[in-house]
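Below are the chains, spelled out letter by letter.
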Amino acid sequence: MIPEPRTATERDVTRCTELLEILFSQEQEFTADGAAQSRALNMIIDNPELGRIFVIDIDGAIQGMVALLFTVSTFLGRKVALLEDMVVAPAWRSKGVGTLLINHAVDFARREGFGRITLLTDRDNETGQKFYRAQGFAMSEMVVFRKLLDDGTTLNKCESDTWMCRECGYLYDPAEGDPESRIKEGTPFVEVSGQWSCPVCFASKADFDPFS
Ligand code: FE
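Residues numbered from 1 in each chain as written. Predicted model: local features only at pLDDT ≥ 70, side-chain atom pairs only at ≥ 80, totals over all residues. Heavy atoms only, no water.

Visitor: Mind laying out the pairing of strand β6 (residues 162–165), listing which residues take part and the relevant values?
Guide: When β6 meets strand β8 (residues 208–211), the two strands line up antiparallel, connected through four bridges. Residue C165 lies in a different strand from β8, and its bridge partner there is F208. Bridge analysis of β6 against strand β7 (residues 171–172) gives two bridges, and the strand direction is antiparallel. In the strand pairing of β7, M164 is matched with L171. Here β6 folds back onto β7, and the loop between the two strands holds five residues, one of which, G169, carries a positive phi near 85°. (Pairing = 2+ DSSP bridges. Helix = DSSP H or I, 4+ residues; strand = E, 2+ residues; numbered from the N terminus.)

See below:
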């Protein structure tokens, strides 16, 4: 029997940092930095107006976590939340732990009067996308832009110009686009429709990786 999630405390930071290391090792954009993760976890735990971290204990150890970070939507005229750092320890995946965590976060947000929850997931993380859809999340047409403020560079590897099909090695070059599929020259890969498929092998857009 898996217990209900609870709100994380300072005692949980070490274990949550380990879980984030697992998460970031799977995500294309991020590399783990234990000191930065601990600092951020403590920041949230010490300042509940910023957000909440929920964890799930199984047999005396935390095996999953999720964070809600709070902000405001002028469109909705309400508080809204970003759902971040959803991770379940590998041994406990596909056992309902993720669903318990999401439900707990959604119930919390509803109870506290939040109007919307937004989350980001890797473009090629089909398992994650299927999971979030099953939890009632719908994919947005919005595109994510970022600017890293330490040195002015962009963080997003997805801005790599050329993308390669994992199935056949075809390279999408934005300078050429894909005229046969009415993708105009000069169209960045991120702006290509999600319905588009590889012109050579018909693999889906999600089967492309940044090529550098
Ligand atoms: Fe292909």
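Visitor: Lay out the domain arrangement of the protein chain in plain terms, naming residues and giving numbers.
Guide: When its domains are assigned, the protein chain resolves into domain 1 (6–134) and domain 2 (158–210). The gap between the C-alpha centroids of domain 1 and domain 2 is 31 Å. The partner domain 2 presents 10 residues to the five residues of domain 1 that form the contact. Of the roughly 520 Å² buried between domain 1 and domain 2, counting both surfaces, carbon and sulfur atoms make up 46%. When the area that domain 1 buries against domain 2 is broken down by residue, the three leading residues are Q28, R123 and D124, summing to 77%. Here domain 1 and domain 2 share one salt bridge between them. Linking domain 1 with domain 2 are zero residue pairs in polar contact (both at pLDDT 80 or more), by the criterion used here. Class assignment for the residues of the side of domain 1 that touches domain 2 results in no nonpolar, one polar and four charged. (Domains from an automatic or database assignment. Contact = heavy atoms within 4.5 Å. Buried area = accessible area lost by both parts, 1.4 Å probe. Salt bridge = Lys/Arg side-chain N within 4 Å of Asp/Glu carboxyl O. Polar contact = N/O pair within 3.5 Å; in protein donor to acceptor, adjacent residues only side chain to side chain. Nonpolar A, V, L, I, M, F, W, Y, C, P; charged D, E, K, R; others polar.)

Visitor: Give a detailed account of the coordination of the iron ion, specifying residues and quantitative values.
Guide: Taken together, the protein donors to the iron ion comprise C165 (SG), C168 (SG), C198 (SG) and C201 (SG), at separations of 2.3 to 2.4 Å. Because the angles between the four donor atoms bound to the iron ion fall within 102 to 115°, the donor set is best described as tetrahedral. Between the donor residues of the iron ion, the gaps in sequence give the motif C-x2-C-x29-C-x2-C. (Donors = N, O, S within 2.8 Å, 3.2 Å for Na, K, Ca; no water. Tetrahedral: all angles 85-135°; square planar, octahedral: opposite > 155°, others 65-115°.)

Visitor: Kindly report on the nonpolar core, identifying the contributing residues and their values.
Guide: With 21 residues, the main nonpolar core has L68, L83 and M86 as its most contacted residues. Here this core takes seven residues from helix α3 (residues 97–111), the largest share from any one element. Beyond its immediate stretch of four places on either side in the chain, L83 contacts V66, A67, L68, I102, A105, I117, T118, L119 and Y132. Formed by 16 residues, the second largest nonpolar core is a distinct cluster that contains A8, V13, L41 and A89. (Core = buried A, V, L, I, M, F, W, Y, C linked by side-chain atoms within 4.5 Å. Buried < 20%, exposed > 50% of the residue type's maximum accessible area, 1.4 Å probe, protein only.)

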